[in-house]
Structures are given as structure tokens and as C-alpha cells.
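Topology and contacts: notes
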Number of protein chains: 2
Amino acid sequence: MLYLIGLGLGDEKDVTLKGLEVIRSCARVYLEAYTSILTVRKETLEEFYGRELILADRETVEQEADEILRDAAVSDVALLVVGDPFGATTHSDLVLRAAKAGIQHHVIHNASIMTAVGCCGLQLYNFGETVSIVFWTDMWKPESFYDKIRRNRLSGMHTLCLLDIKVKEQSIENLMKGKKVFEPPRYMTVNQAVDQLLEIVQNRRELGEELALTENTICVGLARVGASDQKISAGTLQQLSSVDFGGPLHSLAISGCMHPLELDMLKLFAVEPSTFEQINIEDSSTYLS
Amino acid sequence: MLYLIGLGLGDEKDVTLKGLEVIRSCARVYLEAYTSILTVRKETLEEFYGRELILADRETVEQEADEILRDAAVSDVALLVVGDPFGATTHSDLVLRAAKAGIQHHVIHNASIMTAVGCCGLQLYNFGETVSIVFWTDMWKPESFYDKIRRNRLSGMHTLCLLDIKVKEQSIENLMKGKKVFEPPRYMTVNQAVDQLLEIVQNRRELGEELALTENTICVGLARVGASDQKISAGTLQQLSSVDFGGPLHSLAISGCMHPLELDMLKLFAVEPSTFEQINIEDSSTYLS
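Residues numbered from 1 in each chain as written. Chains lettered and ligands numbered in written order. Predicted model: local features only at pLDDT ≥ 70, side-chain atom pairs only at ≥ 80, totals over all residues. Heavy atoms only, no water.

**Quick word on the layout of surface pockets**
All names here are of chain B. Defined as follows: Space inside and on the surface of the protein is sampled on a 1 Å grid over the protein atoms alone, with a cavity defined as a set of points where a 1.4 Å probe fits but cannot get out and a pocket as an open set with protein on both sides within 12 Å along at least 5 of 7 lines; lining residues have an atom within 4 Å of a point. Grid points are joined across faces, edges and corners, and a volume is the space filled by probe spheres set on the points. The helix and strand labels rest on DSSP assignments: H or I over at least four residues marks a helix, E over at least two residues marks a strand, and numbering proceeds from the N terminus. Residue type decides the class: Asp, Glu, Lys and Arg count as charged, Ala, Val, Leu, Ile, Met, Phe, Trp, Tyr, Cys and Pro as nonpolar, and the leftover types, Gly among them, as polar. For the domains described, the bounds stem from an automatic or database domain assignment.
Counted as a void, the second largest pocket has a volume near 1,100 Å³. Lining the second largest pocket are 50 residues, with Tyr34, Thr35, Ser36, Arg58 and Ile165 positioned closest to its centre. At five residues, helix 3 (residues 58-63) tops the list of elements feeding residues into the lining of the second largest pocket. Of the residues in the lining of the second largest pocket, the class split is 23 nonpolar, 16 polar and eleven charged. The residue makeup of the lining of the second largest pocket includes at least three contributed by each of domain 1 (2-111) and domain 2 (114-282).

Encoded structure:
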């Protein structure tokens, strides 16, 4: 059996009892380590689970799937995934390979940021398509995520923005030299995401486009959701540019039309409470019940 | 402290270790029992957690919030919610009351059908707005959920349909007599949801409307996701009308445009594999990569 086990969002204690039982009983347990991270390290998980974990980077999962699935028809193998196994990413490819080899699979679900974002008060019912914000480079500054946010905003929907993660990246220099030297991992902060969005807003303004998002749009920054030191701050896009959210992972939610109850919840996390008093005047597109 | 603790989706073992620790240490623990259910009863949870739970129906949570929050400023009180506390429903009102009374709140997240639905292979990235399908009565047959599905389909997005739950309902007769006699709980089945959708499709066809959904649209029925006897079946809307999904809870996903990998995943759950071979011919709007 191939088990896909969600670890939830915070630390080692966010595993479910069902998940822990399976982790302890499997022949081999892989820890998927490239689409998300917990606030604790592999060693902490190993100590808590009482067993060794095999780190599986993207290369392992995508190119060495046969090794992960080895003997899984006759014994149990688990892949641990931060969040829910089918949350922000998907492991369909591994499941399909397993099915082809006659290996059954079983999913043990857990919390994902796709749902946990609801803790800020914006109702999940009112979220549109989820978008990913990628790190810009000097040469490549895609704006496609803005257009998806725009589409959600125009239908009054909120948007969850998942922020980029770069793990085991090679510099162009090392890539060209064929050197397997990796850069330190990078996790996009709310500030970086906001700054890219502010730049796009400015670009679109200069193009004379009607703006679906401005410096005054109410947004929510979320960091380490589920961990004891989680941080949630609500304010204008401009305000979030300078809030310190601490270590990874960060996410950003952009409001659409808000029900008064949603607005009341956001006030609990306000960077500056007075912002929410002026909301009708400053940015009327944000507040429609 | 007010704890909002998600119980996940399946049975008593889907609680997280963090959640279980808090459940065992709180002064009072309420079990929210009107927006969703597990596959096990309150007594099973009590035995497993090793403590008494207080059943909280809608009336308790909405009208007796002060009782739930009693002493929570100086001791710990927990509200257990099936799924994630801010998943398919929201408990914002209770959180806001707590904040007003100077009581802090803490959320312990868990799996929700809003994310777990990804286990069928449809990618969460491609889901639009979630809809709720309500039980029709002889007098009241709203079609608004169809229009939301239609909007998602037209933008190529999948739709998660949450199916109606009726708990502690009074018959009109008992309501008029002022008798506090309640009907047995009702949980909408995939079949019932599908039959209502088929009726709407037929109505719209008779009106000469261009259909965004037909008898041949690929859909996925999901029952008891996360439990050992979960059932997932993929097929046309018409096919799902006669699949037996067993006990509650059921959900329904309606496909939008599908990537070939999504389609391959759905085939693992096919009611009738040959349906998926003919998909281009039968319903070309469904399959666009």
C-alpha cells in the first residue's frame, strides 16, 4: 500500500493519530520537502515519530518514483506531505504510477492552507480561483497572477495567493558549469509578494487600465498558520508592505466583496484599526455586503 | 482561552495530536453537531478522548454563546468542529463574541472537504466558487446553485457542491402547534443532488437555454472521505444518479476543463471506464487541456 499522509501546517504535533499510527508501521517513510515546510526540522519529526524519514526532493518524487514504490505491493510505504496531500500541490503522478503497478493507495488527510486561510475571517465560500505568486527575476516579471486576482475581484470573490518557494535551485552560473551546487532555499515573504503587486498596480495605472486592485485594497498576510507563533495581519496592500511577518511560510489573501461579519473578523487582526473605519470612503469596491 | 478544534473528516482517529492534548486539558468541551458529521457517534469520541463532550446544536452555538464562553477568560473551553473550524462553515460569530468579552481564541486546524476533495484527482487550483445544494420541497425548488455551477463551468473551473444537512428540523405541523418534536436528521445523498440537477438541466433545455451542464458532464461523487469505507465514483451526471454511495456525508464535484492528468486520475474511480474513452465525442465542453 502507498500511503499519502498529510502533516498539517504547524509542527510535529499537527499529524493526526491515524497518520501517526501508519507512519510508525510502514516499511519506509519519505518526507516530501519541496512544496511546503513545517516550522520544525526533519530531525524533530523523526524524534517525535520515533523513526527515520527519507528526505524526498522534487527529483526523487518525479524521477525516482520506482524507488519510492519499490515493494509497495507487498509492504507499506508512506509519503509525508506538509498540509494535505492533495492541497496546494498534487501527487497525482505518483498515484497513477502506483495504480499502473497494481499498488493500492490510501490518503490520510490533514489541514491545508487552502482551507485554513478561513481563520482570518474571510469566508471560504467567497474565494475564487487560487493563484500562485512567483519570484520575479531581472529578466522575467510575469503579471498573469494579477489578472486572475482581477477576475476574482470583478466577481466579488476573495483570492488566496500561495507564495513561491525555491528549494535546491542552481544559479545560472553553476547550471552552465554543470555543478550540482545549490542555492539556499528561498521562501517568498508577504512583503515581497505585496511589492510585486504594487509594481503591477503602478504599471497598469500608467497604461490607463481600470484598476481591480489598488494600494488601498484590504488584504491579509498570514504566516506560519497553525504554529504557536502564527501571525495574521489585515490592512491595505500598502500597509502590508512593511509588516514584519517573521519566518516562512507566508500566504496572502486579497479581499473581494465583504460581508460585515467578515469585516468584523478582519478588524481583530488589523494593522491599524482606523483603516477599517474609513473603508467605504477609501476603497468602495472592497466593501459591499 | 476559546479553542476551536477541527476533528477532520473520518472517525475518532482523525483528530491531531495537538487537538487531542487540548481536548483532554479543557474545562469544558462542546461538540458542534449541526454542520457536518463523522462516521462515528459522540460516545465513540468520548471513549477515545477519555472525557465527556457536551453536544452543541445550532441553537446552543447561536443563542447560548454566553454559556459556551462562560469562564473562558480564566479557563479553557473548546468547541469541536467536524472538518476544519473555518471550513465548510464558519464560527465567526462565536469568535467575535469571545473577542468582545476579552477572551482569546486559538484554532487547531484539520482536514476539510474543501481541500480533501482533491483526492479524486481534480486539482484544487482549478476549482471555482463552492456551492451548496439544498433539499427541494414541494413548494420551494431554488435553482441558484445551478447558476453558480454554470458560471464556474463557463470559466473552465470545477465546482465542489456541499450537500444539504437537516438536523433538528420540525415539521410544519409541529412548528404550528409549537411542539418541540424533531424529525430524524436528513443528509442529502449524491443521488438526490444529481436528480435535482438533472431536473434543472431539463427545465433549462425546455427554456431553450444554452446548457453549461448536461446529463453527460463528468462528475465525481464522494462519500465518507477519510473514513476506511470512503467511496469515490466518477462518471457522467446521469451515471451517478444510480450509484449507491452508502451512508453520509456525501459531496459532489462537477468537472470544468480537465488536464489529461486529472482525467487519468478520475479513471481510477470510473463507474464505467468506457465512458472516459468517449469523452471527446460525448461532451467536448468537458475535456479541454
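That covers the picture; the talk isn't over yet.
**Examining the interface of chain A and chain B**
Let me state the cut-off plainly: Residues count as neighbours in contact if any of their non-hydrogen atoms are within 4.5 Å of one another. When two parts are brought into contact, each loses some accessible area as probed by a 1.4 Å sphere; the total of that loss over both is the buried area. We define a salt bridge as a contact between a side-chain nitrogen of Lys or Arg and a carboxyl oxygen of Asp or Glu at a distance within 4 Å. Polar contacts here mean pairs of N or O atoms no more than 3.5 Å apart (in protein, one a potential hydrogen donor and the other a potential acceptor; neighbouring residues in sequence count only if both atoms are side-chain atoms).
Taken together, the contacts link 47 residues of chain A with 47 residues of chain B. Of the roughly 4,200 Å² buried between chain A and chain B on both sides combined, carbon and sulfur atoms contribute 65%. Its largest share of buried area at the contact with chain B, chain A owes to Leu17(A), Lys18(A) and Tyr125(A), together 17% of the area lost on that side. We note a salt bridge from Glu21(A) to Lys13(B), for which the minimum N-O separation is 2.9 Å. The tally of links between chain A and chain B comes to 17 residue pairs in polar contact (both at pLDDT 80 or more). Elements represented by at least two residues in the side of chain A that touches chain B include exactly helix 1 (17-25), helix 5 (92-100), strand 5 (105-108), helix 6 (113-116) and helix 11 (260-267) of chain A.

**A few points about the nonpolar core**
Across soluble globular proteins, nonpolar side chains have a tendency to be buried as a group. Test applied: For the purposes of this section, nonpolar cores are sets of buried Ala, Val, Leu, Ile, Met, Phe, Trp, Tyr and Cys residues that join through side-chain atoms within 4.5 Å. Think of it in three bands: with a 1.4 Å probe and only protein chains considered, a residue is buried below 20% of the maximum accessible area for its type, exposed above 50%, and partly exposed in between.
Membership of the largest hydrophobic core comes to 95 residues, with the highest contact counts inside it found for Val220(A), Leu222(A), Leu266(A), Val220(B), Leu222(B) and Leu266(B). Once you skip the residues sitting within four places of it in the chain, Leu222(A) turns out to touch Val117(A), Cys119(A), Cys120(A), Val190(A), Lys231(A), Ile232(A), Phe245(A), Leu249(A), His250(A), Ser251(A) and Ala253(A). Of all hydrophobic cores here, the second largest spans 38 residues; its members include Ile5(A), Ile5(B), Leu7(B) and Val15(B).

**Topic: the environment of Leu240(A)**
All names here are of chain A. Residue position: Leu240 is located in helix 10 (residues 237-240). Separated by 50 residues in sequence, Leu240 and Val190 place their C-alpha atoms 7.4 Å apart. Residues contacting Leu240, with those up to four places away along its chain left out, are Val190, Asn191, Val194, Cys219, Val220, Gly221, Ser233, Ala234, Gly235, Phe245, Leu252 and Val271.

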